[in-house]
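Chain by chain, the residues run as shown.
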Amino acid sequence: MLFRYKKSFEKIAMGLMSFMPKERELKKLQQTMHIYEENPDWQLFLWKKEDDFVGLLGLKVEEESYTIHHISVNPSHRGEGIGHEMIGKIQDMMQDREMRATEETDAFLKKCPVKKGDL
Ligand SMILES: CC(C)(COP(=O)(O)OP(=O)(O)OC[C@H]1O[C@@H](n2cnc3c(N)ncnc32)[C@H](O)[C@@H]1OP(=O)(O)O)[C@@H](O)C(=O)NCCC(=O)NCCS
């Protein structure tokens, strides 16, 4: 299930975010978290499995589209379909908006079924 990020999830969110290749450096990671905390169109979600947060999804929402900037899953839970589930859920939440990828997220998103538009 997807949960909207809040400050009390900061540590776990930073841990999951650091699996993104460009977020390994602490300073960059802190800047990225700051963007999500300060800008309402940048939305961060965590995926909870049983009692643990094991996935992260970050996007920028625009009027007719949204761009997936960050997606990561805890290495112990990869290959279980969580990445696909997060993308499926966010597409349902974003309804008519078109999903877009960045250079960083494109490779995985190309593997996910797209409900509206094409990547
Ligand atoms: C990308 C990621 C979120 C996938 O999460 P996941 O829960 O393991 O994904 P799923 O179980 O839903 O899907 C697994 C499929 O995605 C593929 N996949 C995993 N990472 C991928 C990547 N970077 N690019 C393309 N495909 C990828 C797997 O090979 C597998 O394919 P298969 O079904 O043909 O065997 C996870 O591997 C991760 O956290 N990677 C590190 C962060 C990252 O690089 N994010 C950007 C990815 S473009």
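Everything numeric in this text was worked out from a predicted model, so none of it was measured.

## Comments concerning the UniProt feature "domain: N-acetyltransferase" (unreviewed entry) in the chain
Residues annotated by UniProt as "domain: N-acetyltransferase" (unreviewed entry) correspond here to residues 3-119. End C-alpha to end C-alpha, residues 3-119 measures 25 Å, and it is 32% helix and 28% strand.

## Regarding helix 1 (residues 10-17)
Among the residues of helix 1, those classed as buried are Ala-13, Met-14, Leu-16 and Met-17. The buried side chains of helix 1 occupy one side of the element, clustering within an arc of 165° when seen end-on. The inward-facing, buried residues of helix 1 contact helix 2 (26-38), strand 2 (42-49), strand 3 (52-61) and strand 4 (65-73).

## Things to note about the sheet that holds strand 5 (residues 98-101)
An order of 1-2-3-4-5 is seen for the five strands of this open sheet, with the pairing classed as mixed. Looking at the sheet topology across the chains shown, the edges are occupied by strand 1 (2-4) and strand 5. Strand-to-strand twist of the sheet, defined as the mean angle between neighbouring strand axes without regard to direction, takes the value 35°. In this sheet, strand 5 lies alongside strand 4 in parallel orientation, the contact comprising four bridges. Residue pairing for strand 5: Ser-65 is matched across the bridge by Glu-98. Helix 2 rests against strand 2, strand 3 and strand 4 of the sheet, and its axis sits at about 105° to strand 2. Where helix 3 (residues 82-94) meets the sheet, its contacts fall on strand 1, strand 2, strand 3, strand 4 and strand 5, and the angle it forms with strand 4 comes to roughly 155°.

Procedures and definitions
- Residues numbered from 1 in each chain as written.
- Predicted model: local features only at pLDDT ≥ 70, side-chain atom pairs only at ≥ 80, totals over all residues.
- Heavy atoms only, no water.
- UniProt positions renumbered as here; feature names shortened; annotations may be inferred.
- Helix = DSSP H or I, 4+ residues; strand = E, 2+ residues; numbered from the N terminus.
- Buried < 20%, exposed > 50% of the residue type's maximum accessible area, 1.4 Å probe, protein only.
- Arc of directions from axis to C-beta.
- Contact = heavy atoms within 4.5 Å.
- Pairing = 2+ DSSP bridges.
- Axes fitted to C-alpha atoms, helices over the stretch in contact; angles between N-to-C directions.

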